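Breakdown of the fold
Residue-level listing of the chains:
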Amino acid sequence: MISDASSPVSQYISFIIAGDEYAVNILRAREIVEHSVTSRVPMMPACIVGAMNLRGRVVPVIDLAVKLGLPPTRVSRWTCVLIVETELDGENTRLGLLIDGVGDVLTLSEDEIEQAPAFGAQVRVDQLLGMAKVGQKLVLLLNIDRILSPAELLASTPSGPSAPGAPPALPGGHGAPAGQGDRP
């Protein structure tokens, strides 16, 4: 894409989730890896599908569709994991984003990015950097620091047998109320 020399440009990596195109700043993306086995971690929010071993490093994997309020990602041969880096508790942390497929590297000038409207988007406006006009389509530019902040991740609905507001499961209780799941 050619842009006006007076307008600063940024690059974004685009990807597909549930048929829609999203993008994150390419400076936050580290690599794209093939979807592989993840180990489920008990009592995690529903959007965290587990952790994967990435060359000896444990990387949490987040189903970005679930995090954005969409149905869970259906794994296909194009499903992959976008490894991004964000700051969590003052440290740079790598997280994997489960996505339906990777798109393109987009070079966008500021004048090609508009503020997201307060309605009509699948994501909350505070989770967007804006919307980019690319040809005839719109690409939602995600604020990855906001979406993957500890407060946002913990605000997701927990997976497993516990209902929102239910007391946490006791060790050995397997989600059952105290005394019902314990073994003698």
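I will try to describe carefully the structure that is included in this document. (Residues numbered from 1 in each chain as written. Predicted model: local features only at pLDDT ≥ 70, side-chain atom pairs only at ≥ 80, totals over all residues. Heavy atoms only, no water.)

A closer look at the nonpolar core
Counting 29 residues, the largest nonpolar core has Phe15, Ile17, Leu82, Leu97 and Leu148 as its most contacted members. Counting residues per element, the ones that place at least two in this core are strand 1 (9-17), strand 2 (20-25), helix 1 (64-67), strand 6 (80-88), strand 7 (91-99), strand 10 (128-134), strand 11 (137-142) and helix 2 (144-147). Counting residues per element, this core draws most heavily on strand 6, which supplies four residues. (Core = buried A, V, L, I, M, F, W, Y, C linked by side-chain atoms within 4.5 Å. Buried < 20%, exposed > 50% of the residue type's maximum accessible area, 1.4 Å probe, protein only. Helix = DSSP H or I, 4+ residues; strand = E, 2+ residues; numbered from the N terminus.)

Describing the pattern of salt bridges
Within this structure, the stated rule accounts for seven salt bridges. Among the ionic contacts, a cluster of salt bridges with common partners joins Arg30, Glu85 and Arg94. (Salt bridge = Lys/Arg side-chain N within 4 Å of Asp/Glu carboxyl O.)

Here we look at the sheet that holds strand 8 (residues 101-109)
Spatially, the six strands line up as an open sheet ordered 8-1-2-11-10-9, and their pairing is mixed. Unpaired on one side and paired on the other, strand 8 and strand 9 (113-114) mark the two borders of the sheet. (Pairing = 2+ DSSP bridges.)

Brief notes about the pairing of strand 5 (residues 57-63)
Taken together, the six bridges between strand 4 (residues 48-54) and strand 5 define a ladder with antiparallel strand orientation. Along strand 5, the bridge assignment pairs Leu54 with Arg57. Connecting the antiparallel pair strand 4 and strand 5 is a turn made up of two residues, with Arg55 showing a positive phi of about 50°. Of the strand pairs in this sheet, strand 5 and strand 7 are connected by three bridges, and their pairing is parallel. Residue pairing in the sheet places Asp63 in a bridge with Leu98 of strand 7.

Describing the pairing of strand 7
Direction of pairing for strand 6 relative to strand 7: antiparallel, over a ladder of nine bridges. Each bridged residue has a counterpart across the sheet, and for Thr86 the counterpart in strand 7 is Thr93. Counted between consecutive antiparallel strands, the loop separating strand 6 from strand 7 contains two residues, among which Asp89 sits at a positive phi close to 50°.

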